[in-house]
Amino acid sequence: VGLHCHIYDITAFLDVHPGSPDTLMVHSGKDSTQFFEDMGHSAVARRLARKLCVLVDLSQINQDWWGLRPTESTKLLVDDADVSHGRPWHGLRYPALNANLLLGRKQKKKRGGTLKTVRTKLESEYHLLEKQLSLRFKNDPTVLGSVNPYFDPFHRQWRFWYTNTDLESVFGSL
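Residues numbered from 1 in each chain as written. Predicted model: local features only at pLDDT ≥ 70, side-chain atom pairs only at ≥ 80, totals over all residues. Heavy atoms only, no water.

Caption draft 1: Local environment of the nonpolar core. In terms of nonpolar packing, the biggest core is built from 15 residues, with Val-1, Leu-3, Tyr-8, Ile-10, Leu-14, Leu-24 and Leu-52 touching the most fellow members. If we ignore the near neighbours within four places in the chain, the residues touching Leu-24 are Ile-10, Phe-13, Leu-14 and His-17. Counting residues in each nonpolar core, the second largest holds six residues, with Phe-137, Val-143, Val-147 and Tyr-162 among its members. (Core = buried A, V, L, I, M, F, W, Y, C linked by side-chain atoms within 4.5 Å. Buried < 20%, exposed > 50% of the residue type's maximum accessible area, 1.4 Å probe, protein only. Contact = heavy atoms within 4.5 Å.)

Encoded structure:
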């Protein structure tokens, strides 16, 4: 989920979240800042959330910086062959080219920042997939409500979820 322009991996926290896994899944793949703040999370919850942060938008830390930077909590899915060519950063190894991370360096200030550009692209793809999934599951009697697409940044692909008539969450890949 996105919180305050940074990206958090909440996967390991789903089963222990006091508000239930469904509360988190509804907001997965989206900017959840407003919802997070509206819920009035405690200082303890905020400290716990900081530990789940996997990508930081550098432009939110310093106006002269741009790009996304992995944190110590980041675990990238890469092949062993890729890791052997990687470089260490804060105790992790990631491939120099294959991770497709936008590493920050000083350059002319862009309008909107890196995260806004990424968000705009993802929102466009999201709305297109939402329409496609709506048509695909239009006559499926087991779907309760709508089918929700989300982007999984760790597998670098779009996925979807919905609630079935047995009130179970069903997940799938596109």
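Caption draft 2: Quick look at the confidence of the model for the protein. On average, residues of the protein score 75 in pLDDT, and 77% of them reach the 70 mark or higher. Strand S6 (residues 92-94) is the least confidently modelled element of the protein, averaging 36 in pLDDT, while strand S9 (residues 169-173) averages 93, the highest of any element. The low-confidence segment residues 77-110, where pLDDT is below 50, has 53 contacts with residues more than four positions distant or belonging to other chains. (pLDDT = per-residue confidence, 0-100. Helix = DSSP H or I, 4+ residues; strand = E, 2+ residues; numbered from the N terminus.)

Caption draft 3: Examining the sheet that holds strand S8 (residues 157-164) more closely. If you walk across this open sheet you meet the three strands as S7-S8-S9, and the pairing is antiparallel. Strands at the two margins of the open sheet, each flanked by one partner only, are strand S7 (143-152) and S9. On average, each strand axis in the sheet is inclined to that of its neighbour by 25°, with strand direction left out of account. The pairing of S8 with S9 spans five bridges and is antiparallel. By the bridge assignment for S9, Tyr-162 is matched with Val-170. (Pairing = 2+ DSSP bridges. Axes fitted to C-alpha atoms, helices over the stretch in contact; angles between N-to-C directions.)

Caption draft 4: Geometry of the environment of Gly-172. Looking at where Gly-172 falls in the secondary structure, it is placed in strand S9. Residue Gly-172 is classed as buried on the basis of its relative accessible area, which comes to 16%. Separated by 23 residues in the primary sequence, Gly-172 and Pro-149 place their C-alpha atoms 9.3 Å from one another. Those residues in contact with Gly-172 that sit more than four places away from it in its chain are Arg-159 and Phe-160.

Caption draft 5: Examining the packing of aromatic side chains more closely. Evaluated as defined, the whole model comprises four aromatic pairs. Relative to Phe-160, the ring of Phe-137 lies with its centre 5.4 Å away and its plane at 55°, an arrangement referred to as tilted. Within this pair, whereas Phe-137 is found in the loop between helix H5 (113-136) and S7, its partner Phe-160 is found in strand S8, the two being separated by 23 residues in sequence. No difference in accessibility class separates Phe-137 from Phe-160, as the two residues are buried. With a centroid separation of 5.4 Å and an interplanar angle of 70°, the aromatic rings of Phe-151 and Trp-158 are classed as edge-to-face. (Phe/Tyr/Trp six-rings, centres within 6.5 Å; stacked < 30°, edge-to-face > 60°.)

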